[in-house]
Amino acid sequence: RSLPFSLPHATMGKGGDASATAPKPRELPALAYGATLPKGLKPGRQYTQIRGQVYDITDFAKSHPGGAQLLALAVGRDATILFESHHVRPDLTAKMLRTLPKVDTDVNLCPDEDFPKPLDSALYKKIQQRVRDELLAPLEARTGRPASGRGGCQLDAAAVIAFFAVALAWYVYSPSVLSGCVLGFAGYWSGTGLQHTANHGGLCRSAWWNQVWGWFGCDVLLGKSSLEWRYHHMVSHHSYCNDHEMDQDVYTSFPIMRLDEAQEWSWFHRYQAMYTPLVLPLLYIATQVGDFVNIFVHKASPGVEYLGLTTSEVVLYVVGKAIHLGITLGLPMYYHGVSAVVAPYMAYGLFGSFVLSWFFIVSHNLDGLRPSQLSAEAKKDWGRWQIETSATWGNAFWSFLSGGLNYQIEHHMFPGTAHNLYPAMQPIIREECAKAGIPYNGFDGYFGLVTITGKMFGFLSKMSVNPAKAK
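Residues numbered from 1 in each chain as written. Predicted model: local features only at pLDDT ≥ 70, side-chain atom pairs only at ≥ 80, totals over all residues. Heavy atoms only, no water.

Draft legend 1. Spotlight on the overall build of the protein chain. Across its full length, the protein chain carries 20 helices and seven strands. For the protein chain, whose C-alpha radius of gyration is 22 Å, the value lies close to the compact-globule estimate of 23 Å for 471 residues. Considered along the principal axes of its C-alpha atoms, the protein chain spans approximately 65 × 55 × 55 Å. Relative to its 471 residues, the protein chain shows a buried fraction of 58%. Sequence separation of 24 or more characterises 73% of the internal contacts of the protein chain that already satisfy a separation of 6 or more. Carbon together with sulfur atoms contributes 64% to the accessible area of the protein chain, which is approximately 18,500 Å² in total. (Helix = DSSP H or I, 4+ residues; strand = E, 2+ residues; numbered from the N terminus. Rg over C-alpha atoms; globule rule 2.2 N^0.38 Å. Buried < 20%, exposed > 50% of the residue type's maximum accessible area, 1.4 Å probe, protein only. Contact = heavy atoms within 4.5 Å. Areas by Shrake-Rupley, 256 points an atom, 1.4 Å probe, with all protein chains shown as cover.)

In structure tokens form, the structure reads like this:
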């Protein structure tokens, strides 16, 4: 994965002018009609499409187990991949689908999804079955934790919030470069250990609390829009991992970083292995600009329209931004003056961005993880695609400090579950990969991060070579 949040829409991706040769992202399957509604569709209603069938989900928003904010991601688009990958109990979701109003239209709501689908993957279904039988069902019998895989992260979340509170108190009481860096790490941890799992719907059993912690951890503590993140991360990255046309984490970093051989090479790319560590700290600045432009100007992230956008989501973004700037800038400036806070605030943004970007970028940017390197069979299998374009590193200790993001293979297979389940999922997935002769990219142990980081720089160096000369 590249930068985990998209850079400003105005300069990268759709409609971008940052580079005359910058490729435009492929628009994901979404509304295909214009002002005239097809037969069966009514103004003011919200629809989604799953495996070619159009459903009216307007009223379901009030009772959706994952919350209205997650259901909104499906509005106006083919949500087959989102739907099938975020539920570990397809038997229950099939029953739920039968309760939704079907809509007969003279044309489809949008183009059918032509990417591999999760439940067409025999490997994915086998792993999913084993996780239900060997992990979730026994856990439910022993603790009462529901077999949906959601919830059970109270201690993890409490640790993140407590650490941020202590770091913020130190930063406000005594702003310095050191306290700014510590607060930056706390911001990173809230981005991985709190908001990430919550916005995926897995932190708590309650959809309402997931929305609260997702907004609080992302908008308030991290300073990143949870609204933009959900569309960017869940609709784009998780569905189409590492695809250079549909995964924003690949194409929104171009042209600064070349992460796929299909992207055009420029002279400065030969230095990207050297300047990448200098680019990673700029993430915080980029998101402050990018979120505003994407939400208020384009109402879209590159390639992904906010078709389910609500007024309340925009209001929460504005309120969250005001609180975030108030605690990171307003309070310390009130007590110590502007000049005393500039350097600590910069340290907060730069260091937090560096750690967050570093821990994310290693998981998908290694030699062997590009879609062009997959076999013909893997390209037709969603489960294999997710496994073979991802890498896992570290152990349970690192999982605690990264909200499970080090278990990237496990996370991509089960994005809607609690992150503290990933260490137990790893042996199951690894064993099934061995049976099927599929590579499992794992870098285990306390120093796995060191090993995978070295591999990542090797990949950046490979992508820095002029392809014309390489031939």
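Next comes the rest of the write-up.
Draft legend 2. Region of the structure containing the packing of aromatic side chains. Taken as a whole and assessed by the stated rule, the structure comprises 27 aromatic pairs. Ring centres of Y231 and Y306 lie 4.7 Å apart, and the angle between their planes is 40°; on these two criteria the pair is classed as tilted. Taken together, the positions of Y231 in helix α8 (residues 226-237) and Y306 in the loop between β5 (304-305) and α12 (311-336) put the pair 75 residues apart, joining distant regions of the chain. Here the two residues Y231 and Y306 agree in accessibility, since each one is buried. Pairing Y345 with Y348 gives two aromatic rings, centres 6.1 Å apart and planes at 35°, and the pair type is tilted. In this pair, Y345 and Y348 are both assigned in helix α13 (residues 342-361), three residues apart and thus about one turn of the helix distant. Ring pairing ties together the aromatic residues F163, F185, Y188, W189, F354, W358, F359, W393, F397, W398, F400 and Y446, which thus form one cluster. (Phe/Tyr/Trp six-rings, centres within 6.5 Å; stacked < 30°, edge-to-face > 60°.)

Draft legend 3. Broad picture of the pattern of salt bridges. The tally for this structure, following the rule as stated, stands at 18 salt bridges. Residue E228 pairs with K224 through a salt bridge whose shortest N-O separation is 2.6 Å. The residues E228 and K224 share a single accessibility class, namely buried. D260 serves as the salt-bridge partner of R370, at 3.8 Å between the closest nitrogen and oxygen. Taken together, the residues R370 in the loop between α13 and α14 (376-379) and D260 in the loop between α9 (248-251) and α10 (272-279) connect sequence positions 110 residues apart. Classification of R370 by relative accessible area gives buried; the value is 1%. Its relative accessible area of 3% is what places D260 among the buried residues. (Salt bridge = Lys/Arg side-chain N within 4 Å of Asp/Glu carboxyl O.)

Draft legend 4. Expanded view of the sheet that holds strand β1 (residues 47-50). Spatially, three strands are ordered β1-β2-β3 in an open sheet, and the strand pairing comes out antiparallel. Only two strands of the sheet have a single neighbouring strand rather than two, namely β1 and β3 (102-103). Of the strand pairs in this sheet, β1 and strand β2 (residues 53-56) are connected by four bridges, and their pairing is antiparallel. Opposite Q49, over in β2, you have V54 as the bridge partner. (Pairing = 2+ DSSP bridges.)

Draft legend 5. Molecular detail of the pairing of β1. The alternating pattern of β1 places Y47 and Q49 and T48 and I50 on opposite faces, both of which are buried. Counted along the chain from β1 to the antiparallel partner β2, the turn is two residues long, and its residue R51 has a positive phi close to 50°.

Draft legend 6. Fine view of the nonpolar core. In terms of nonpolar packing, the biggest core is built from 82 residues, with I387 and I429 touching the most fellow members. Setting aside its immediate chain neighbours within four residues, I429 contacts I127, I387, I409, E410, M413, F414 and Y440. Residues L82, Y231, Y306 and Y317 belong to the second largest nonpolar core, which totals 14 residues. (Core = buried A, V, L, I, M, F, W, Y, C linked by side-chain atoms within 4.5 Å.)

Draft legend 7. Representation of the pairing of β2 in the model. Sheet topology places β2 next to β3; two bridges connect them, and they run antiparallel. In the sheet register, V54 faces β3, and the bridge partner there is V103.

Draft legend 8. Focus on a nonpolar patch on the surface. On the surface, L282, I285, V338, V342, M346 and L350 cluster together to form a nonpolar patch covering roughly 500 Å² of accessible area. No other element matches α13, which puts three residues into the nonpolar patch. On the secondary structure map, L282 appears in the loop between α10 and α11 (283-298). Its relative accessible area of 42% is what places L282 among the partly exposed residues. (Patch = residues over 30% accessible without salt bridge, like charges linked within 9 Å, V, L, I, M, F, W, Y side chains within 5 Å.)

Draft legend 9. Broad picture of helix α19 (residues 448-463). Here α19 is 16 residues long and its end C-alpha atoms lie 23 Å apart, about the 22 Å a rise of 1.5 Å per residue gives. Along α19, the positions that sit buried rather than exposed are G448, L449, I452, T453, M456, F459, L460 and M463. The buried side chains of α19 occupy one side of the element, clustering within an arc of 125° when seen end-on. (Expected span 1.5 Å × (residues − 1). Arc of directions from axis to C-beta.)

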